[in-house]
Amino acid sequence: MRIGELARRTGVSRRLLRYYEEQGLLRPVRLPNGYREYAEPDVAAVRHIRTMLAAGLPTTVIALLLPCVHDDGDGMVPTACPGMVSNLRRERGRIAGTIERLQTSQRALDTMLATVRPPA
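Residues numbered from 1 in each chain as written. Predicted model: local features only at pLDDT ≥ 70, side-chain atom pairs only at ≥ 80, totals over all residues. Heavy atoms only, no water.

**A few points about the overall build of the chain**
Move 1: Of regular secondary structure, the chain possesses five helices and four strands.
Move 2: What you see in the chain, going N to C, is helices and strands ordered as α-α-β-β-α-α-β-β-α.
Move 3: What you see for the chain is a C-alpha radius of gyration of 20 Å, clearly larger than the 14 Å of a compact globule of 120 residues, by over 25%.
Move 4: The principal-axis extents of the C-alpha atoms in the chain amount to approximately 75 × 40 × 25 Å. (Helix = DSSP H or I, 4+ residues; strand = E, 2+ residues; numbered from the N terminus. Rg over C-alpha atoms; globule rule 2.2 N^0.38 Å.)

Below, the structure is given as structure tokens:
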């Protein structure tokens, strides 16, 4: 299938599909005319990429983990590949740290808002 068909079937723009290719997440066959030709498994791969992006994973980590996931009919199922658990734990820790910093910022803003005095 061509990029337009993959975009239609996945709801992902052509621009993003090209970006996924640049990041090594998709590897379409290049036809002699330069067109990209995608296979049926690429539809599931795009869904997996979107799921992992929604979980906050960067594309560098997704590239490592993408071969370790498959569909079971109801969605993405991860398989324990070397490094999967450690990568997921590291990314979870990174996200938890970001949440903690944001909560600290939120408390500081709440304090400022609570002490704002109207102009004289």
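**Description of the side chain of Arg36**
Move 1: Assignment of secondary structure puts Arg36 in strand S2 (residues 36-37).
Move 2: Reaching out from Arg36, the side chain makes a polar contact with the side chain of Glu21 at a distance of 2.4 Å.
Move 3: Among residues more than four places away in sequence, those in contact with Arg36 are Met1, Arg2, Ile3, Arg18, Glu21, Pro28, Val29 and Arg30. (Polar contact = N/O pair within 3.5 Å; in protein donor to acceptor, adjacent residues only side chain to side chain. Contact = heavy atoms within 4.5 Å.)

**Overview of the layout of surface pockets**
Move 1: By volume, the largest pocket amounts to about 180 Å³.
Move 2: Gly24, Leu25, Leu26, Arg27, Asp42, Ala45, His48, Ala63, Leu66, Pro67 and Val69 are the residues that line the largest pocket.
Move 3: Here the lining of the largest pocket gets three residues from one element, more than from any other, and that element is helix H3 (residues 40-54).
Move 4: Of the residues belonging to the lining of the largest pocket, the class tally is seven nonpolar, two polar and two charged. (1 Å grid on protein atoms, 1.4 Å probe; cavity = no way out; pocket = protein on both sides within 12 Å on 5 of 7 lines; lining within 4 Å. Points joined across faces, edges and corners; volume = space filled by probe spheres on them. Nonpolar A, V, L, I, M, F, W, Y, C, P; charged D, E, K, R; others polar.)

**Side note on the environment of Pro78**
Move 1: Positionally, Pro78 belongs in strand S4 (residues 76-78).
Move 2: Distance in space between the C-alpha atoms of Pro78 and Val116 is 49 Å, their sequence separation being 38 residues.
Move 3: Setting aside chain neighbours within four positions, we find Pro78 in contact with Cys68, Val69 and Met84.

**What to know about the nonpolar core**
Move 1: One finds Leu6, Leu17, Tyr20 and Leu26 to be the most contacted residues of the largest nonpolar core, which totals 23 residues.
Move 2: Within the residue set of this core, elements represented by two or more residues are helix H1 (3-10), helix H2 (14-22), H3 and helix H4 (59-65).
Move 3: Per element, the largest residue contribution to this core is five residues, and it comes from H3.
Move 4: Excluding its chain neighbours within four sequence positions, the residues that come into contact with Leu17 are Ile3, Leu6, Ala7, Val12, Leu26, Tyr38 and Val46. (Core = buried A, V, L, I, M, F, W, Y, C linked by side-chain atoms within 4.5 Å. Buried < 20%, exposed > 50% of the residue type's maximum accessible area, 1.4 Å probe, protein only.)

**Notes on the packing of H1 against H3**
Move 1: Between H1 and H3, the shortest axis-to-axis distance is 10 Å and the interhelical angle comes to 45°. Taken together, the axes of H1 and H3 are oblique relative to one another. As H1 packs across H3, the resulting crossing turns out to be right-handed. Facing Leu6, Arg9 and Thr10 of H1, the residues of H3 in contact are Glu40, Asp42, Val43 and Val46.
Move 2: Counted by class, the contact of H1 with H3 contains three nonpolar, one polar and three charged residues. (Axes fitted to C-alpha atoms, helices over the stretch in contact; angles between N-to-C directions. Parallel < 35°, antiparallel > 145°, perpendicular 65-115°, else oblique. Left-handed = near helix turned anticlockwise from the far one by under 90°.)

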